[in-house]
Amino acid sequence: MILLRKNKFKVVLGTGLLALLCILWEKYNGGVITHHLLARKDLPGISNWWGLLTLPTLAWISLSVILERQNKNQGIENTVIRRFLAAFLFGALASLLWEFKLDEFLQYYILLPLPIALFKRLHLPEYLLGFVIGMLFTFGGILPIIVGLVLMLLCFLIYKFVRILKLLF
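Now for a description of the structure that goes with this document. (Residues numbered from 1 in each chain as written. Predicted model: local features only at pLDDT ≥ 70, side-chain atom pairs only at ≥ 80, totals over all residues. Heavy atoms only, no water.)

This brings us to the overall build of the protein. The secondary structure content of the protein amounts to eight helices and two strands. Secondary structure of the protein in N-to-C order comes out as α-α-β-β-α-α-α-α-α-α. Sorting the 169 residues of the protein into buried and exposed places 40% on the buried side. When the accessible surface of the protein is totalled, it reaches about 10,500 Å², and 73% of it is carbon and sulfur. Within the protein, one finds 17 positive and 8 negative side-chain charges whose respective centroids are separated by 12 Å. (Helix = DSSP H or I, 4+ residues; strand = E, 2+ residues; numbered from the N terminus. Buried < 20%, exposed > 50% of the residue type's maximum accessible area, 1.4 Å probe, protein only. Areas by Shrake-Rupley, 256 points an atom, 1.4 Å probe, with all protein chains shown as cover. Lys, Arg positive; Asp, Glu negative; His and termini not counted. Charge placed at Lys NZ, Arg CZ, Asp CG, Glu CD.)

Under the defined criterion, the tally for this structure stands at three salt bridges. Here arginine 69 and glutamate 126 are joined by a salt bridge, their closest N and O atoms 2.7 Å apart. Note that arginine 69 is positioned in helix 3 (residues 51-72) and glutamate 126 in helix 7 (residues 125-139), a separation of 57 residues in sequence. Taking the shortest distance from any N to any O, the salt bridge between arginine 83 and glutamate 126 comes out at 3.1 Å. One end of the pair, arginine 83, is in helix 4 (residues 77-99); the other, glutamate 126, is in helix 7, and 43 residues separate them in sequence. Glutamate 126 sits in the buried class, given a relative accessible area of 1%. (Salt bridge = Lys/Arg side-chain N within 4 Å of Asp/Glu carboxyl O.)

What follows is the structure in structure tokens.
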């Protein structure tokens, strides 16, 4: 965790630059995308420009929580990095399924964390950050955060519910 502690500002700055690169790519390839609620044009839209604020904020909050957890539990840096990479790959694959118009697979794939939450803690900030960065190029900096937070909440409820059931029986 010493690596993250010393480089927290660099990681946050890097996520901001990554968001900026994605925004510039969109701007010069057809315009910055606005995602409408429920994919309906008559509902309010959220511009991907917000990703310039949300992604570095998410990185800062995530790293703060991770570092706080590290103060209580030494030697978790490799585990955090593995979790981040797993979530990044999950988000990137979800983006690829969307880009290749494989919606019939994506609707089931995106729910894959829920059964895994029966056994593993998937409601950790490194998972959310990896998921969001993995989906950044396709969905911008807002939509993946919303989807990721909903998935995290569901994973948390499932994980805790199973633990409560284990105590009762």
